[in-house]
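Breakdown of the fold
If you want the building blocks of each chain, they are given just below.
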Amino acid sequence: MSMQAAAPATAHLPETAAAARATGLSKVYGEGETRVVALDSVSVEFGRGRFTAIMGPSGSGKSTLMHCMAGLDSVSAGSARIGDTELTGLKDRQLTRLRRDSVGFVFQSFNLLPTLTALENITLPTAIAGHRPDQGWLDTVMATVGLSGRLNHRPSQLSGGQQQRVAVARALASRPEIVFADEPTGNLDSRSGAEVLGFLRDSVRELGQTVVMVTHDPVAAAYADRVVFLADGRLTDELVAPTAEGVLDRMRRFDTEGRTS
Ligand SMILES: Nc1ncnc2c1ncn2[C@@H]1O[C@H](COP(=O)(O)OP(=O)(O)OP(=O)(O)O)[C@@H](O)[C@H]1O
């Protein structure tokens, strides 16, 4: 496997500018009796060229944070930025362009088009967006995804892990500012999950991409450079260079504190 567009390993990089940043970000759904504060003044940075995991109990606001940062949901108060672009105040058309040009998405369900080959699934969205593909970059992504020999297969001819790797390659194809992955291994067995997480990590370490991933799984979170923890819509903690045991320990502590408080 060749790695042409190698970027330096992230562990030794000095702090770089944030690829995305939330400042005092709040999100309220509904009003009156149905009012839910999904995010309560969250401030967090997602470092460029870093792999960040977002963890927290069900309902803690993980998906809401990701959706607000990706321009998929509006913000009630505060600021959400991707690079230098403030998302609040952008018109729908500008948001659509930002999502198309600057953001890559990976979902729990792979969302591949069944009639297209793996290669077409990876390259077509960029072509449809009217961008000329950067062949050198695509070659690097293809080399890193490790699907050579299967690129002409249709999704039904690929394993779940291979399909999700195609979905990650598709997210990377436009060389976005940031990739958001929402439970990308939620539908996979542990071996296939490890393949996908390895590819996400390689996309950060070797291709210099920025990845933010929501997960419930401490083993998945341990692939990240940093884990941020949410509880009740607030940022409560973070771990740098996490191990699965360290993440599990932190989760257990929250659980105990949550029950005793
Ligand atoms: N569209 C919506 N309308 C009303 N309330 C919502 C909406 N989306 C989310 N919520 C509420 O906001 C809170 C945060 O939800 P969110 O989906 O962000 O949590 P989560 O941490 O991603 O949960 P899970 O791990 O279960 O996916 C929850 O109380 C949820 O019920």
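First, a word on scope: everything that follows refers to the structure included in this document. (Residues numbered from 1 in each chain as written. Predicted model: local features only at pLDDT ≥ 70, side-chain atom pairs only at ≥ 80, totals over all residues.)

**Comments concerning the sheet that holds strand S3 (residues 51–55)**
Strand order in this open sheet of 6 strands is S6-S7-S8-S3-S9-S10, and the pairing throughout is mixed. Here the strands that pair on one side only, and so sit at the sheet edges, are strand S6 (103–106) and strand S10 (234–240). In this sheet, adjacent strand axes meet at a mean angle of 20° when their direction is disregarded. Of the strands in this sheet, S6 and strand S7 (178–182) touch helix H5 (residues 160–172), which is tilted by about 170° from S6. Along the sheet face, helix H6 (residues 190–205) touches S3, S7 and strand S8 (211–214) and points at about 155° away from the line of S8. (Pairing = 2+ DSSP bridges. Helix = DSSP H or I, 4+ residues; strand = E, 2+ residues; numbered from the N terminus. Axes fitted to C-alpha atoms, helices over the stretch in contact; angles between N-to-C directions. Contact = placed C-beta atoms within 7 Å.)

**A closer look at the packing of H5 against H6**
For any two helices packed against each other, one specifies the crossing angle of their axes together with the interaxial distance. Two numbers describe how H5 lies on H6: the axes approach to 8 Å, and their chain directions differ by 20°. Relative to H6, the element H5 is oriented roughly parallel. Between H5 and H6 lies a crossing of right-handed hand. Within the contact between the two elements, H5 uses Gly160, Gly161, Gln164, Arg165, Val168 and Leu172 and H6 uses Ser192, Glu195, Val196, Phe199, Leu200 and Ser203. (Parallel < 35°, antiparallel > 145°, perpendicular 65-115°, else oblique. Left-handed = near helix turned anticlockwise from the far one by under 90°.)

**Quick word on helix H4 (residues 135–145)**
Residues of H4 that are buried include every one of Thr140, Val141, Thr144 and Val145, and no others. Each buried residue of H4 sits inside an arc of 130° when the element is viewed along its axis, so together they form one side. Exposed positions of H4 whose direction lies more than 90 degrees from the buried face are Gln135 and Gly136. Where H4 is buried, its residues contact H5 and H6. Phi turns positive, to about 65°, at Gly146, one or two residues after H4. (Buried ≥ 20, exposed ≤ 12 C-beta atoms within 10 Å, placed from the backbone. Arc of directions from axis to C-beta.)

**Some details on the site of the ligand**
The ligand sits among Tyr29, Gly30, Val36, Ala38, Gly56, Ser58, Gly59, Ser60, Gly61, Lys62, Ser63 and Thr64. Those elements giving two or more residues to the shell around the ligand turn out to be strand S2 (36–47) and helix H1 (62–69). Element by element, the count of residues in the shell around the ligand is highest for H1, at 3 residues. (Near = placed C-beta within 6 Å.)

**Considering the packing of helix H3 (residues 118–128) against H5**
The N-to-C vectors of H3 and H5 enclose an angle of 25°; their axes lie 8 Å apart at closest approach. Overall, the two elements H3 and H5 adopt an arrangement that is roughly parallel. Two packed elements cross with a definite hand, and for H3 against H5 that hand is right-handed. Contact residues: Ala118, Asn121, Ile122 and Pro125 in H3; Val166, Ala169 and Arg170 in H5. Considering only residue class, the contact of H3 with H5 consists of 5 nonpolar, 1 polar and 1 charged. (Nonpolar A, V, L, I, M, F, W, Y, C, P; charged D, E, K, R; others polar.)

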